[in-house]
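The lines below spell out each chain.
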Amino acid sequence: MFRTALSLGLVAFSFGCASAQPPRELIDARSAYNRAASGTAAQMNPAQLHVAQQSLQSAEKTFEDDGDSIETRDRAYIAGRRAEIAEVQGRVMTIERQLAQSQKNATTRNAQELQSTKQELATQEQRAAAERARRMEAEKRAEQALSELGRIGSIKREERGMVVTIPGNVLFASGKAELLGPAQAKLSQVAEALTRVDKDSRITVLGHTDSQGSDSFNQTLSQNRAESVRAFLVSHGMASDRVEARGMGESQPVADNNTAEGRANNRRVEIVVEPPSANGSTGGPSTTQSTGTTPSR
Amino acid sequence: MLIKTISLGVAFALAACASYPVPAERIANATASIRGAQEVGAAGQPQAALHLKLAQQQLQQAKAMVEDGKNERADYVAMRAQVDAELALAMAREAASRARAEQFAQQQMSQQPQPIMR
């Protein structure tokens, strides 16, 4: 009887620990595992989470078998740490993945910005090239027009603009201001060429005489002649507010009035094409800024 | 009969203790893990530093237990040191990753979007 009781007691003693409270380490391990399992570890590093789970199961088994023993506590401690490791590693992988995605997005954005900047520059370059081509074309047309004028009279680039000089005897009979018949054909060519030159240019028609005869007579004659030419140009397509006529009389000789040849050279009409003053873009030939007045000699 | 059973049990238990091998590999692994955690800067991050210290203390305990002939216990304590070192390393890595992510985010914010030159 006593032996049985003692044995039973021993048996009870050895199995008594199994119904004891779980150690703190095991409680902590369980909640650590639950935290880890509900976090990113399940998705990011399931292998480490699985290791933690096996650790916990081993600790639980030891607790079942031995109760609150040192071994139970050790296993529970280890299981708890493994769960925390899984949780932390899950967070690390999440951060790394997001960072890689952000870096990739930034690279893509930079590439796109670079691309659109390049396109913008290309478009600007295209526009600039088209503008250059347009201007060259306009200049070419102007040059062509003026070279045609050169067949009628002489052309010279001066400070005041492009000057077309037509000998007086081509246009007028001696002492007269009415345009000769043949002159009109030539002048219509001049008018046509001038309309092709830059539309913003101002045209000044200057009448000149030689020194024979009185100053006042020459002044009047040269004025009338300039106005005849002006009227003709306007009637052949030039805008009237673009063309001006002035008589210079004998005041601006270009040759010696003591020789017949010199006097013939002085008797002339000058058509001056002035570049526009304010607007920089011009098909006109002169590069000087025009102030609107002809410099006196 | 009962006393014989008890003595036999005790003898068996004693024998079991004596035949448990020295956990040399476990102690070596724990030592290596501690060094690894130190190398990634665990000492500089508060939570990591805590676990690094725990690892170091438990490693010392395990070595002392080996000297006392308590090999089985030493094995477990060395294992605890190992996992504490691994956790310290993981936490140090997390701090480093966060710092890099933060630095990148600040870089992005400080960059003004470049206007197209006109």
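Residues numbered from 1 in each chain as written. Chains lettered and ligands numbered in written order. Predicted model: local features only at pLDDT ≥ 70, side-chain atom pairs only at ≥ 80, totals over all residues. Heavy atoms only, no water.

A. Representation of the overall build of chain A. Check the secondary structure of chain A and you find 9 helices and 5 strands. Each helix and strand of chain A, ordered N terminal to C terminal, gives the series α-α-α-α-α-β-β-α-α-β-α-β-α-β. Within chain A, the fraction of its 297 residues that count as buried is 38%. Sequence separation of at least 24 residues holds for 71% of the intrachain contacts in chain A that already meet a minimum separation of 6. Approximately 16,700 Å² of chain A is accessible, and the part contributed by carbon and sulfur atoms is 53%. (Helix = DSSP H or I, 4+ residues; strand = E, 2+ residues; numbered from the N terminus. Buried < 20%, exposed > 50% of the residue type's maximum accessible area, 1.4 Å probe, protein only. Contact = heavy atoms within 4.5 Å. Areas by Shrake-Rupley, 256 points an atom, 1.4 Å probe, with all protein chains shown as cover.)

B. A look at the pattern of salt bridges. Residue and element names in this part refer to chain A. By the definition in use, this model includes 25 salt bridges over all chains. In this structure, K61 engages D65 in a salt bridge whose closest nitrogen and oxygen atoms are separated by 2.8 Å. Residue K61 and its partner D65 are located together in helix 4 (residues 46–66), separated by 4 residues, close to a single helical turn. K61 gets classed as partly exposed once you look at its relative accessible area, which sits at 48%. Ionic pairing is found between K156 and E158, a salt bridge with its closest N-O pair at 4.0 Å. (Salt bridge = Lys/Arg side-chain N within 4 Å of Asp/Glu carboxyl O.)

C. Fine view of the packing of helix 5 (residues 70–152) of chain A against helix 3 (residues 46–67) of chain B. Interhelical geometry of helix 5 of chain A versus helix 3 of chain B gives an angle of 150 degrees and a closest axis separation of 14 Å. With respect to helix 3 of chain B, the axis of helix 5 of chain A lies roughly antiparallel. Considering only the axes of helix 5 of chain A and helix 3 of chain B, their crossing is left-handed. For the pair formed by helix 5 of chain A and helix 3 of chain B, the contact residues are Y77(A), R81(A) and E84(A) on the first element and H51(B), L54(B) and Q58(B) on the second. Taken together, the residues of the contact of helix 5 of chain A with helix 3 of chain B sort by class into 2 nonpolar, 2 polar and 2 charged. (Axes fitted to C-alpha atoms, helices over the stretch in contact; angles between N-to-C directions. Parallel < 35°, antiparallel > 145°, perpendicular 65-115°, else oblique. Left-handed = near helix turned anticlockwise from the far one by under 90°. Nonpolar A, V, L, I, M, F, W, Y, C, P; charged D, E, K, R; others polar.)

D. Structural view of the layout of surface pockets. Residues and elements named next belong to chain A. In this structure, the largest pocket spans a volume of roughly 380 Å³. Lining the largest pocket are 22 residues, with G168, N169, R225, A264 and R267 sitting closest to its centre. Every element with two or more residues in the lining of the largest pocket is listed here: strand 2 (161–167), helix 6 (168–171), helix 8 (215–235) and helix 9 (260–266). With 4 residues, the single largest contributor to the lining of the largest pocket is helix 8. Of the residues assigned to the lining of the largest pocket, the class counts are 7 nonpolar, 11 polar and 4 charged. Each pocket or cavity is described by its volume, and for the second largest pocket that value is around 250 Å³. Taken together, the residues that form the lining of the second largest pocket break down as 4 nonpolar, 3 polar and 6 charged. (1 Å grid on protein atoms, 1.4 Å probe; cavity = no way out; pocket = protein on both sides within 12 Å on 5 of 7 lines; lining within 4 Å. Points joined across faces, edges and corners; volume = space filled by probe spheres on them.)

E. Broad picture of the nonpolar core. All names here are of chain A. Ranked by size, the top nonpolar core spans 29 residues in total, and within it L171, V190, L194, V229 and L233 carry the most contacts. Those elements that place two or more of their residues in this core are helix 5, strand 2, helix 7 (181–196), strand 3 (202–208), helix 8, strand 4 (243–247) and strand 5 (268–274). No other element matches the 6 residues that helix 7 contributes to this core. In contact with L233, not counting residues within four places along its chain, are L187, V190, A191, L194, V205, M238 and V243. (Core = buried A, V, L, I, M, F, W, Y, C linked by side-chain atoms within 4.5 Å.)

F. Quick peek at the interface of chain B and chain A. Tallying the contact residues gives 26 residues for chain B and 27 residues for chain A. Between chain B and chain A lies a buried interface of about 2,500 Å² when both sides are counted; carbon and sulfur atoms form 63% of it. For the salt bridge of R100(B) with E96(A), the shortest nitrogen-to-oxygen distance reads 2.7 Å. If you look at where chain B meets chain A, you find 10 residue pairs in polar contact (both at pLDDT 80 or more). Broken down by secondary-structure element, the contributors of at least two residues to the side of chain B that touches chain A are helix 1 (2–19), helix 3 and helix 4 (71–110) of chain B. Ranked by the residues each element gives to the side of chain B that touches chain A, the list is headed by helix 4 of chain B, at 18 residues. Among the residues forming the side of chain B that touches chain A, the class breakdown is 13 nonpolar, 4 polar and 9 charged. (Buried area = accessible area lost by both parts, 1.4 Å probe. Polar contact = N/O pair within 3.5 Å; in protein donor to acceptor, adjacent residues only side chain to side chain.)

G. Region of the structure containing helix 2 (residues 24–37) of chain A. Across its 14 residues, helix 2 of chain A extends 20 Å between first and last C-alpha, which sits within 8% of the 20 Å expected from 1.5 Å per residue. Where the residues of helix 2 of chain A are buried, they touch helix 3 (41–44), helix 4 and helix 5 of chain A. (Expected span 1.5 Å × (residues − 1).)

H. Just the confidence of the model for chain B, in detail. Per-residue confidence for chain B gives a mean pLDDT of 88; residues scoring 70 or more make up 79%. Interface scoring of the predicted complex returns ipTM 0.82; its pTM is 0.58. (pLDDT = per-residue confidence, 0-100.)

I. Focus on the pairing of strand 5 of chain A. Residue and element names in this part refer to chain A. Of all 7 residues that make up strand 5, 7 are buried, and the element is covered over most of its length. Burial of the side chains of strand 5 extends over both faces: R268, E270, V272 and E274 are buried on one face and V269, I271 and V273 on the other. Summarising the sheet, strand 2 and strand 5 pair through 6 bridges and their orientation is antiparallel. Residue T165 lies in a different strand from strand 5, and its bridge partner there is E270. (Pairing = 2+ DSSP bridges.)

J. Structural view of the environment of D66(A). In this structure, D66(A) sits in helix 4. Sequence separation between D66(A) and A20(A) is 46 residues; the distance between their C-alpha atoms is 9.9 Å.

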